[in-house]
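# Architecture at a glance
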Amino acid sequence: MRKIYIFDTTLRDGEQSPGVNLNTKEKVEIALQLEKLGVDRMEAGFPAASPGDLAAVNAVARAVKNATIIGLSRSREQDIDAVREALKGAEDPCIHLFLATSPIHRKHKLRMEKEQVLETAERAIRYAKQYFSKIEFSPEDAGRTELDFLCQVTDMAIRAGATVVNIPDTVGYLNPLEYGNIFKTLKENVPNIETIQLSAHCHDDLGMATANALSAILNGADQIEGTINGIGERAGNTAIEEIALALETRSDYFGAKTSLNLKEIAKTSRLVSKLTGMVIPGNKAIVGANAFAHESGIHQDGMLKEKTTYEIISPDTIGLRESKLVLGKHSGRHAFREKLIDLGYELEEESINAAFAKFKDLADRKKNVTDEDIRAMLEEKLTDTPEVFTLETIQVNYGNQSTPSASVRIRKAEGDVREEAAIGNGSVDAIYNAIDKVTEETVELEDYSIKSVSQGKDALGEVHVVLKQDEVSAQGRGLSTDILEASARAYIDALNRLIEKRKAPGRRDKMSLI
Ligand code: KIV
Ligand code: ZN
């Protein structure tokens, strides 16, 4: 079986999703989980974007030991120097250089002729070669680049010292036959093509990212670039879990495999969703809540008789273990510990004690504590963002014939406790107005979303918000059996992060690819 290398770009292209803003700690947390998943290569960010981005890439480079860590760079010396700085301490560093090659980008964005594009890219690759043994080069918008010019660009990149040439379908324009044909053409026409690896990088604007990447594999691609849950710029990137499961399930057809630890997929997907605040649609392939649910009577009957009638992947393959043990307020430590083992968590004694205390608290408020509740509770690790504000109490008055009002009691870092009340055009608005009065921060609520973690009227609710102040934005999360409390917690979490970010060295908000 041919090995397909997995290049994860959740922390770079994935972070370019609208509304997503990961801090350094969150990037490291995701990176360590990607390491457990077994990705071969990991693009940690774009160091030249800001000193904060550079620091985040450096933290990932130092934390991860078992994957190549990659920094993105435009074809400019100062970007390359930023990647050198960011990848100090990496076990296995690699630089990812890019320059647009399509006629549209050459004319309108770069204002360069073909010759200038070739010269600029070659100069950058040769400069980078002095410092990096591993160099990936991407002709941006390769999908809309003339095929003969793409062959010329690839030839130049090989001669200049690139070790991987990536073919981005930057705007998700191509269909599988066209995209596969690019790889076939490069393989047949570019001298010494066998000395480098060819990589596929697809976007999902027309819903073809996974199909295009699979077509690239059939036509000789060695590496697939993608993100967890398919997050990314606009409609997103190829979903890594879809590629991994397509190759696993249809190895008879593709004759290729990844070296991912598939049992880590569900956990990685949940973590990325939680930290980015990007909810996974129920019908999302592989990781959606309904991906293994069978609704119709005919299907259920078939499943009971023989699973393979309607199930081509077992939930267990991606690490989705459902345990039979139901926990509630009378469950003891022993049952709780068994549950953790069942769900695949290996915790130190101290962490089990802390988790058990949280579980007891939850069981007081909720009759049956489900597996999803326990996962959410365990994975709701406290951030190390200093708590400038901590919610102590919250009181809400709502009636459909009266103006909603709320009062909050908040402790400030200096120990000072303040209580304020406010009205609003809804309960959440009233809560947020009251919090604004206490904190005296002027912020804009850019995004608010809520989902239930499990089923039932007493399910845990998880709220995600994005706040903006001047040019800085930050996201926050809150979890509670009460959605108003979860809303308040999410808002305060975002405020604390915003304040921390204001102090941090120039972490930019969104990367600009020029
Ligand atoms: O989609 C794209 O073209 C990119 C490049 C930076 C590789 O993400
Ligand atoms: Zn991209």
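Residues numbered from 1 in each chain as written. Chains lettered and ligands numbered in written order. Predicted model: local features only at pLDDT ≥ 70, side-chain atom pairs only at ≥ 80, totals over all residues. Heavy atoms only, no water.

## Details of the domain arrangement of the protein chain
- Under the domain assignment, the protein chain is made up of domain 1 (2-276), domain 2 (297-379) and domain 3 (389-502).
- Placing the centre of domain 1 and that of domain 2 at their C-alpha centroids yields a distance of 36 Å.
- Facing nine residues of domain 1, the contacting portion of domain 2 comprises ten residues.
- Carbon and sulfur atoms supply 55% of the area that domain 1 and domain 2 bury against each other, a total of about 920 Å² over both sides.
- Among the residues of domain 1 in contact with domain 2, L245, K263 and R270 are the three that bury the most area, contributing 47% of the side total.
- K263 is paired through a salt bridge with D316; the nearest N and O atoms lie 3.3 Å apart.
- Where domain 1 packs against domain 2, one counts three residue pairs in polar contact (both at pLDDT 80 or more).
- Counting residues per element, the side of domain 1 that touches domain 2 draws most heavily on helix 11 (residues 265-276), which supplies five residues.
- Residues belonging to the side of domain 1 that touches domain 2 are distributed by class as follows: four nonpolar, one polar and four charged. (Domains from an automatic or database assignment. Contact = heavy atoms within 4.5 Å. Buried area = accessible area lost by both parts, 1.4 Å probe. Salt bridge = Lys/Arg side-chain N within 4 Å of Asp/Glu carboxyl O. Polar contact = N/O pair within 3.5 Å; in protein donor to acceptor, adjacent residues only side chain to side chain. Helix = DSSP H or I, 4+ residues; strand = E, 2+ residues; numbered from the N terminus. Nonpolar A, V, L, I, M, F, W, Y, C, P; charged D, E, K, R; others polar.)

## Quick notes on the coordination of the zinc ion (ligand 2)
- Around the zinc ion (ligand 2), the protein contributes the donor atoms D13 (OD), H201 (NE2) and H203 (NE2), which lie 2.0 to 2.1 Å from the metal centre.
- The sequence pattern formed by the donor residues of the zinc ion (ligand 2) is D-x187-H-x1-H. One end of the pair, D13, is in the loop between strand 2 (5-8) and helix 1 (24-37); the other, H201, is in strand 8 (residues 197-202), and 188 residues separate them in sequence.
- Owing to a relative accessible area of 4%, H201 belongs among the buried residues under this scheme. (Donors = N, O, S within 2.8 Å, 3.2 Å for Na, K, Ca; no water. Buried < 20%, exposed > 50% of the residue type's maximum accessible area, 1.4 Å probe, protein only.)

## Things to note about empty space enclosed by the protein
- In this structure the tally under the stated criterion is three cavities of 30 Å³ or more.
- Lining the largest cavity are S273, K274, G277, M278, V279, S449, I450, K451, E462 and H464.
- Mapped by element, the contributors of at least two residues to the lining of the largest cavity are helix 11, strand 16 (444-452) and strand 17 (461-469).
- Here the lining of the largest cavity gets three residues from one element, more than from any other, and that element is strand 16.
- Considering only residue class, the lining of the largest cavity consists of three nonpolar, four polar and three charged. (1 Å grid on protein atoms, 1.4 Å probe; cavity = no way out; pocket = protein on both sides within 12 Å on 5 of 7 lines; lining within 4 Å. Points joined across faces, edges and corners; volume = space filled by probe spheres on them.)

## Section: the site of ligand 1
- Inspection of the region around ligand 1 gives R12, D13, H96, S138, E140, P168, T170, H201 and H203 as its neighbouring residues.
- Within the side chain of D13, one N or O atom sits 3.1 Å away from an oxygen atom of ligand 1.
- H203 places a side-chain nitrogen or oxygen 3.0 Å from an oxygen atom of ligand 1.
- Burial of ligand 1 by the surrounding chains reaches 98%, relative to a free accessible area of 260 Å². (Near = heavy atom within 4 Å. Areas by Shrake-Rupley, 256 points an atom, 1.4 Å probe, with all protein chains shown as cover.)

## Some details on the sheet that holds strand 16
- If you trace the three strands from one edge of the open sheet to the other, you get 16-17-18, paired in antiparallel fashion. Two strands in the sheet have a free side with no partner beyond their single neighbour: strand 16 and strand 18 (472-480). Across the sheet, the axes of successive neighbouring strands diverge by a mean angle of 15°, strand direction being ignored.
- Bridge count for strand 17 against strand 18 is nine bridges, and the pairing is antiparallel. Following the sheet pairing, L467 is matched in strand 18 by A474. (Pairing = 2+ DSSP bridges. Axes fitted to C-alpha atoms, helices over the stretch in contact; angles between N-to-C directions.)

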